[in-house]
Structure formats: structure tokens, C-alpha cells
Amino acid sequence: MPIPALLSDDAPAAAWGLWGATAITAALVYAVGDTLRDLPPRTRTASRPGSRS
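Residues numbered from 1 in each chain as written. Predicted model: local features only at pLDDT ≥ 70, side-chain atom pairs only at ≥ 80, totals over all residues. Heavy atoms only, no water.

Trainee: Tell me what's going on with the overall build of the chain, and back it up with residues and numbers.
Mentor: Looking only at helices and strands, the chain features two helices and zero strands. Taken as a whole, the chain presents about 5200 Å² of accessible surface, with 67% of it coming from carbon and sulfur. (Helix = DSSP H or I, 4+ residues; strand = E, 2+ residues; numbered from the N terminus. Areas by Shrake-Rupley, 256 points an atom, 1.4 Å probe, with all protein chains shown as cover.)

Trainee: Residues and numbers for the packing of aromatic side chains, please.
Mentor: For the structure on display, the rule yields one aromatic pair. Taking the centre distance of 5.7 Å and the plane angle of 80° together, the rings of Trp 16 and Trp 19 count as edge-to-face. Residue Trp 16 and its partner Trp 19 are located together in helix 2 (residues 11–38), separated by three residues, close to a single helical turn. Owing to a relative accessible area of 56%, Trp 19 belongs among the exposed residues under this scheme. (Phe/Tyr/Trp six-rings, centres within 6.5 Å; stacked < 30°, edge-to-face > 60°. Buried < 20%, exposed > 50% of the residue type's maximum accessible area, 1.4 Å probe, protein only.)

Trainee: Please give an account of the pattern of salt bridges that cites residues and values.
Mentor: Per the stated rule, a full pass over the model turns up two salt bridges. When the shortest N-O distance is used, the salt bridge between Asp 38 and Arg 37 registers 3.8 Å. This pair shows no difference in class: Asp 38 is exposed, exactly as Arg 37 is. Among the charged side chains, a salt-bridge network with shared partners connects Asp 34, Arg 37 and Asp 38. (Salt bridge = Lys/Arg side-chain N within 4 Å of Asp/Glu carboxyl O.)

Trainee: So what's going on with a nonpolar patch on the surface? Which residues, and what values?
Mentor: The grouping of Val 32, Leu 36 and Leu 39 at the surface amounts to a nonpolar patch, some 290 Å² of accessible area in total. Relative to the elements of secondary structure, Leu 36 occurs in helix 2. (Patch = residues over 30% accessible without salt bridge, like charges linked within 9 Å, V, L, I, M, F, W, Y side chains within 5 Å.)

See below:
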């Protein structure tokens, strides 16, 4: 079979694969953002330059 015929047969599978990869990536980005939002702010344990504590 010629290459264009082979590519057109697999087009729906490629489209679903791309959609799935995009959905998984979006879910991971959302999860990381949600986790970072829930973390407490970082506090400094070392003294800051110029402070006398």
C-alpha cells in the first residue's frame, strides 16, 4: 500500500492518542499546580544578611 493510504487508516488512532496525551498532560499540570498552592509558604531558617537575629 502507498504511504498516504497507510497514514489515513491510522489517523483516528493518532488523533485519539494525541487527545489522550493532551488530557493526561493537562491533568498532571493541574495536579502539580494544586499541590503547590496547598503547600505552606517557605520560611527562612537562616538569618537574613544584615539582620542581627
